[in-house]
Amino acid sequence: MAGCCQNVRRGSRALRVASAVLVRRCPLSSAPEPALAAAAAAPSSSRAVAANTAPATPSAAPLQDAHRPQPLPPPPAVDFADPREAFRSKTSGELVRGLLVLGLCSLDPLVERAPQLMNLTRKLLGQRLFEKLMKVTFYGQFVAGEDREAIKPLIRHNGAYGVGSVLDYSVEEDLTTEEAEKKELDSCTSAFEKETGKQREKRYSAHPRFGDRRAGVISARTYFYADEAKCDRHMDTFLQCIEASAGSSKDGFSAIKLTALGRPQFLLQFSEVLVKWRRFFHQMAAEQGMGGLAALETKLEVKKLQEALAKLGVATKAESQHWFTGEKLGESGTVDLLDWNSLIDTRTKISKLLLIPNMKTGQLEPLLSHFTEEEEMQMKRLLQRMDVLAKKALEVGVRLMVDAEQTYFQPAISRLTLEMQRRFNQQRAAIFNTYQCYLKEAYDNVTVDVELSRREGWHFGAKLVRGAYMDQERSRAAELGYEDPINPTYQKTCEMYHRCLDYILEEIKHHRKANVMVASHNEDTVKFTIRRMAELGIHPSENKISFGQLLGMCDQITFPLGQAGFPVYKYVPYGAVNEVLPYLSRRAQENRGFMTRAKQERHLLWAELKRRLLSGALFYSPSPP
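Residues numbered from 1 in each chain as written. Predicted model: local features only at pLDDT ≥ 70, side-chain atom pairs only at ≥ 80, totals over all residues. Heavy atoms only, no water.

A. Summary view of the overall build of the protein chain. Check the secondary structure of the protein chain and you find 27 helices and 12 strands. Looking at the 625 residues of the protein chain, the share that counts as buried comes to 53%. Intrachain contacts of the protein chain at a sequence separation of at least 6 include 79% that bridge at least 24 residues. About 27200 Å² of surface is accessible on the protein chain, with carbon and sulfur atoms providing 55% of the total. (Helix = DSSP H or I, 4+ residues; strand = E, 2+ residues; numbered from the N terminus. Buried < 20%, exposed > 50% of the residue type's maximum accessible area, 1.4 Å probe, protein only. Contact = heavy atoms within 4.5 Å. Areas by Shrake-Rupley, 256 points an atom, 1.4 Å probe, with all protein chains shown as cover.)

Dropping the structure here:
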């Protein structure tokens, strides 16, 4: 009995640590914290009015007109079908390399055996010749260089053509499938689960069948937890990326992954907490006749909510009344999802609320599993590493992008990123969250976070991607028996992407406190963005909307955008040849799928190479505009 009580106390302490982050008291923090109480005290409408409307007196109007900036000229038209413009930054040798590499990437038998062929070639040629071969082919196409100094010439060269950089250290551990599965199962299972045999929901538990998170993933790096020292080394690597970005380009980006910074068990458990809490809200909404509404349209009547909580045994009316009055919520008679989410920040310190009802069984279940002292310390260190990276990025003027990961980690990753945004995005969008638009819930996720930023007055930062884990997510959902989180078709994903993007563009137009990176190789999506920017009066020079593509891919989109004055970036991987071989194998696989859908890039490469040959410009030397 004493051991059980001790476990509960440790679980409560662990949750208090997480709650400290959720109210912006992260360890190692010295930055000034926004006053949540003041923000929460005012209704959202009054806060929006206070932040965005400052009525001018009639006498001031002429003075304002005199000082109003003149409208900016429209940006030049962007032509993605002009090979000369697309490849003016490339030598003819680089055109030949692009044709060769992208052509090889379209050959299925070759790509399927890429890792084996690379290892065989290394054995036959020896390490030195193998590295030279890779540098004039695949490595040269997709990787910028071996270290921070080696990548600077390429970054400066691209910058001269209006193309910025997102630095991404792409070294991965070369593990066998068996080694990866063992590491994953060990790091995702808590001591309490091992001792008792009890498991969390299937979706938020480790499973041997899906232990190797690299399976079916072609466009994202994967980290496996070994120990805290390795997480510290990852943090040091990310710090070096941030410093390199600051020293190589102006207003650059650096990318991080949270699974590299701590034990993934915490991300699984925290994700389960957040999803259960949100699910509980929607279950009560359904009982009030509001099932199926969009997230921000769903509002619970406070009186009915208090009655339901009392009936379910979660809290008496007096207790729930104290929650709402203490947080200045429900004054309008209703509670929306943002109000509900804010309750978990502090209410989860109350041991009774560690239990919520399972609507199927009618039983109260723990909201959070037990933590040992060691697990609690591991969680603290994850939060500390995030804090160190965010502060460094802010200090040197680099914007930090937190990459999205699998859906069983993503709720926690998004929430922790959002808390960094609350702290560090007060003056500008310095921290960017990533939204995967192949998810059915992508629009709800975007709209809820934008609304929160609007209510609290900080700058929203987002990177929109289609997603990198589709095959793995679908297989896992089917085998473990939960709903497939992915949109049913590629067309539905494109529609979701444009819907989320349009919502953010409208937010930029009306409030100018949001930024978005359109991370896409899809030409239609890029054209859609440019058209909507023109319709909404958002000029590229405002630097609110940027575009992103991978190094070595879709130069016919990237460089015309940069030369027309649009903020555009290449994801710039770097690392030693041997250490980035897993990354190069995935690039080959990704290009195989990409090249079967679109041959435009190879067509333009051929056209420009032939033009130079026929015009006597084969030895053309690029000169920046």
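B. Representation of the nonpolar core in the model. Residues L464, I504, I545 and F547 are the most contacted members of the largest nonpolar core, which totals 41 residues. Every element with two or more residues in this core is listed here: α21 (442-456), β9 (460-465), α23 (490-511), β10 (514-519), α24 (523-536), β11 (545-550) and α25 (555-563). When residues in this core are grouped by element, the largest group, seven residues, is from α23. Among residues more than four places away in sequence, those in contact with F547 are M517, V518, V526, T529, I530, M533, L561, F566, P567, V568 and Y569. Residues V101, F142, M517 and L604 belong to the second largest nonpolar core, which totals 35 residues. (Core = buried A, V, L, I, M, F, W, Y, C linked by side-chain atoms within 4.5 Å.)

C. Highlighting the pattern of salt bridges. For the coordinates displayed, the defined rule picks out 37 salt bridges. Among the ionic pairs, K392 bridges to E395, the shortest N-O distance being 3.8 Å. Of the two residues, K392 and E395 both sit in helix α19 (residues 373-396), three residues apart, roughly one turn of that helix. Here E395 falls in the exposed class, since its relative accessible area comes to 61%. Across the pair D484 and R474 runs a salt bridge, and its minimum N-O distance is 3.1 Å. (Salt bridge = Lys/Arg side-chain N within 4 Å of Asp/Glu carboxyl O.)

D. Seen up close, the sheet that holds β9. Taken in spatial order, the eight strands close into a barrel running β1-β2-β7-β8-β9-β10-β11-β12, and their pairing is parallel. On average, each strand axis in the sheet is inclined to that of its neighbour by 30 degrees, with strand direction left out of account. Sheet contacts for α23: β9, β10 and β11; angle to β10, the most-contacted strand, approximately 150 degrees. (Pairing = 2+ DSSP bridges. Axes fitted to C-alpha atoms, helices over the stretch in contact; angles between N-to-C directions.)

E. Structural context of the pairing of β10. Summarising burial for β10: six of the six residues are buried, a large majority. Here β10 shows no split at all, with A514, V516 and V518 on one side and N515, M517 and A519 on the other all buried. Sheet topology places β9 next to β10; five bridges connect them, and they run parallel. In the strand pairing of β10, K463 is matched with M517. As judged from the four bridges shared by β10 and β11, these two strands associate in the parallel manner.

F. Geometry of a nonpolar patch on the surface. A contiguous nonpolar surface patch, about 630 Å² in accessible area, is contributed by L117, L120, L124, L125, L129, L133 and V136. Elements with a minimum of two residues in the nonpolar patch: α8 (114-125) and α9 (127-135). Here the nonpolar patch takes four residues from α8, the largest share from any one element. Summarising the element assignment, L133 is placed in helix α9. (Patch = residues over 30% accessible without salt bridge, like charges linked within 9 Å, V, L, I, M, F, W, Y side chains within 5 Å.)

G. Spatial organisation of helix α11 (residues 152-160). All of the buried residues in α11 are K152, I155 and N158. Angular distribution of buried residues about the axis of α11 spans 130 degrees; they occupy a single face of the element. Away from its buried face by more than 90 degrees, α11 exposes P153 and R156. Buried residues along α11 sit against β1 (163-169), α14 (228-248), α25 and β12 (568-574). A positive backbone phi angle near 85 degrees is found at G162, which sits one or two residues after α11. (Arc of directions from axis to C-beta.)

H. A look at the pairing of strand β7 (residues 399-402). Side chains R399 and M401 project from β7 onto one buried face, and the interleaved L400 and V402 project onto a second face that is buried too. In this structure, strand β2 (residues 253-256) lies alongside β7, joined through four bridges in parallel fashion. Looking at the pairing, S254 lines up with L400 of β7. With three bridges joining them, β7 and strand β8 (residues 431-436) adopt parallel strand pairing. Residue pairing across strands places V402 opposite N433, the latter belonging to β8. In this region the chain leaves β7, passes through helix α20 (residues 410-424) and returns to the parallel neighbour β8; the handedness of that crossover is right-handed. (Right-handed = clockwise from strand over helix to strand, strands pointing away.)

I. Spatial organisation of the environment of V580. Counting through the fold element by element, V580 comes out in the loop between β12 and α26 (581-597). Separated by 434 residues in sequence, V580 and E146 have C-alpha atoms that sit 9.4 Å apart.

J. Here's a closer look at the environment of L480. With respect to the secondary-structure elements, L480 resides in helix α22 (residues 470-480). Between the C-alpha atoms of L480 and H207, which are 273 residues apart in sequence, the distance is 9.1 Å.

K. How the structure looks around the packing of aromatic side chains. As enumerated under the stated definition, the model contains nine aromatic pairs in all. When the centroid spacing of 6.5 Å and the interplanar angle of 75 degrees are considered together, the rings of Y161 and F559 count as edge-to-face. With a gap of 398 residues between them, Y161 in the loop between α11 and β1 and F559 in helix α25 connect regions that are remote in the sequence. Residue Y161 shares its accessibility class with F559, and that shared class is buried. Both rings, one in W277 and one in F280, keep their centres 6.5 Å apart while their planes meet at 65 degrees; by these two values the pair is edge-to-face. Here W277 and its partner F280 are both found in helix α15 (residues 264-287), three residues apart, which amounts to about one turn of the helix. Of the two residues, W277 and F280, both sit in the buried class. (Phe/Tyr/Trp six-rings, centres within 6.5 Å; stacked < 30°, edge-to-face > 60°.)

L. Broad picture of the side chain of N487. Along the polypeptide, N487 turns up in the loop between α22 and α23. Non-local contacts of N487, meaning those with residues more than four positions away in its chain, are made with C437, Y438, L439, K440, R474, K492, T493 and M496.

M. Quick look at the packing of helix α6 (residues 92-105) against helix α27 (residues 600-614). At a minimum axis distance of 10 Å, the contact between α6 and α27 shows a crossing angle of 150 degrees. The two elements α6 and α27 cross, and the hand of that crossing is left-handed. Only E601, R602, L605, W606, E608, L609 and R612 of α27 make contact with α6, whose side of the interface consists of S92, L95, V96, G98, L99, L102 and G103. By residue class, the composition of the contact of α6 with α27 is seven nonpolar, three polar and four charged. (Left-handed = near helix turned anticlockwise from the far one by under 90°. Nonpolar A, V, L, I, M, F, W, Y, C, P; charged D, E, K, R; others polar.)

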